[in-house]
Each structure stands twice: as structure tokens, then as C-alpha cells.
Amino acid sequence: MSARRLLIFGPPGAGKGTQARRLADRLGVPQVSTGDMLRASVAADTEVGRRARAHMDAGELVPDEVVIGVTEERLEQRDAQQGFILDGFPRTVAQAEALDALLRKLNARLERCITISVGEDELVQRLLKRAHLERRSDDNEQAIRVRMAEYREKTAPLLDYYRAREVLAEVDGRGSVEEVAQRIEEAICA
Ligand code: AMP
């Protein structure tokens, strides 16, 4: 089978992390989550972590150059050469352009960009529920509002970016994890 290079994006709370993990297991390629990598850097108190922490806690996007550096380093690793599921990257047009440049350098092509859509009211409900279950420092109401605004202003324009490249697949994010996973599989095979 050819390399699988997919990206999953959607608003905060749409379930992209859960779906990316499932898909990565199923396809046998690594899940590359910038959110997870940044949280690990914060926990380890590295230079990247120190630059990212305040932005993350406030619900703001971490500056492009920090996130692009982390992602490039990860995608150049050996286990990512046969494919990857990018989860939470890119989130800005500048990041999408950096990804294009990196893929050109690696002589690789993006197969599909899957976006999971869920209405805003349901997203806020899901995020507040998650705040009780996990203890993420950015799952308070104020940070959630900022993350939604960041998504609308900076990330949503990527829908047009990938639509124009004819790799976009929009998946309905309502229903159970299994139902959404099934729709994603169909979108990949289509
Ligand atoms: P996530 O786990 O994907 O929801 O990401 C959690 C937080 O990490 C976001 O609210 C941002 O502060 C930061 N983050 C993750 N990925 C990116 C990215 N691609 N660009 C900028 N900030 C990011």
C-alpha cells in the first residue's frame, strides 16, 4: 500500500484527537499531534514548552515558528516516512504553506484532509464536560471561548485552502465515536 499521509482538523472539541488515534492504529502510521507534543514540552519544561505555555493556557494559538519547528522535526523522523496522521496541524495558512514546503522536500504528497464538523453549542458542551474528566488547563470557559475564536479566524480559512487542492473531505462529527470513525473511513476510501 502507498504511504498514507492524512490530516484531521476541526474545531476544538470535535473529537479529532480520538479519531486521529484510532485511524493511526488502524493504518499503522504514527499520530502526530502538535497539542500532545506541546503539552509534553510544557511538562518537561523545555525551551519550546516555555514559549508555548502561556499561549496554551489562554487558549491562543502558539506562534507559527514554534509549532512549525516541532512538526518538521517530527515528520522527518524515520517512522513517519511511510505516512502519518497529522492531528491539530496546520492551524494557520502559514503553517499549511510550511507543510507544503516540507512535503515537497520529502517528495511526498498529502492524500486527504478530513475536517470534522460539529455545531458550536455542542462543542462548548463537550469541552466543558471534558474539563471535568481530564484536567486540561485550557478547558475553562474563558480559554474555550478564545480557542473557538482562534479556530474561526485563523484555522477555518484552511477549509478553502484544502478544498482548492481537492483533498478536502468534510465529515459529520455528530453521533458516537464509531459512527464518526465509519464516516472517516468512507471519506478516505472515496
Ligand atoms: P489541541 O490539543 O490540538 O486542542 O491543542 C491544544 C493547544 O495547543 C491549542 O489550543 C494551542 O494553544 C496549541 N496548539 C496545538 N497545535 C497548534 C498549532 N498547530 N498551532 C498553534 N497552536 C497549536
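Scroll up for the structure.
Residues numbered from 1 in each chain as written. Predicted model: local features only at pLDDT ≥ 70, side-chain atom pairs only at ≥ 80, totals over all residues. Heavy atoms only, no water.

Draft legend 1. How the structure looks around the overall build of the protein chain. Along its length, the protein chain carries 9 helices and 5 strands. Expected size for 190 residues packed as a compact globule is a radius of gyration near 16 Å; at 16 Å, the protein chain falls within 12% of this value. Looking at the 190 residues of the protein chain, the share that counts as buried comes to 47%. Residue pairs in contact within the protein chain that sit at least 24 positions apart in sequence constitute 73% of those at least 6 positions apart. (Helix = DSSP H or I, 4+ residues; strand = E, 2+ residues; numbered from the N terminus. Rg over C-alpha atoms; globule rule 2.2 N^0.38 Å. Buried < 20%, exposed > 50% of the residue type's maximum accessible area, 1.4 Å probe, protein only. Contact = heavy atoms within 4.5 Å.)

Draft legend 2. Up close: the packing of aromatic side chains. Tallied over the entire structure, the rule returns 1 aromatic pair. With a centroid separation of 5.1 Å and 75 degrees between ring planes, the pair formed by Y161 and Y162 is classed as edge-to-face. Sitting above the plane of the Y161 ring, R165 keeps its charged end 3.8 Å from the centroid. (Phe/Tyr/Trp six-rings, centres within 6.5 Å; stacked < 30°, edge-to-face > 60°. Lys NZ or Arg CZ within 6 Å of the ring centre and 35° of its normal.)

Draft legend 3. Local environment of the site of the ligand. Around the ligand sit 17 residues, and of these T34, R39, E60, G88 and Q95 come closest. Take G88: an N or O atom from its main chain is 2.9 Å from a nitrogen atom of the ligand. Taking R91, its side chain carries an N or O atom lying 3.0 Å from a nitrogen atom of the ligand. Residues that form the shell around the ligand fall into these classes: 6 nonpolar, 4 polar and 7 charged. (Near = heavy atom within 4 Å. Polar contact = N/O pair within 3.5 Å; in protein donor to acceptor, adjacent residues only side chain to side chain. Nonpolar A, V, L, I, M, F, W, Y, C, P; charged D, E, K, R; others polar.)

Draft legend 4. Geometry of the nonpolar core. Within the largest apolar cluster, 33 residues are counted, with the highest numbers of intra-cluster contacts made by L7, F9, L86, L99 and Y162. Elements with a minimum of two residues in this core: β1 (4-9), α2 (34-44), α3 (47-58), α4 (64-75), β3 (83-87), α5 (93-105) and α8 (158-164). Residue contacts for Y162: discarding those within four places in its chain leaves L7, F9, P90, A96, L99, L110, C113, V167 and L168. The next biggest cluster of nonpolar side chains, apart from the first, holds 21 residues, and it includes I8, L127, V180 and I184. (Core = buried A, V, L, I, M, F, W, Y, C linked by side-chain atoms within 4.5 Å.)

Draft legend 5. Representation of the pairing of β3 in the model. Taken across its 5 residues, β3 has 5 buried, putting it largely inside the fold. The alternating pattern of β3 places G83, I85 and D87 and F84 and L86 on opposite faces, both of which are buried. As defined by bridge partners, β1 adjoins β3 across 5 bridges and the pair is classed as parallel. Within β3, the residue paired with R5 across the bridge is F84. Sheet analysis places strand β2 (residues 31-33) next to β3, joined by 3 bridges and oriented parallel. (Pairing = 2+ DSSP bridges.)

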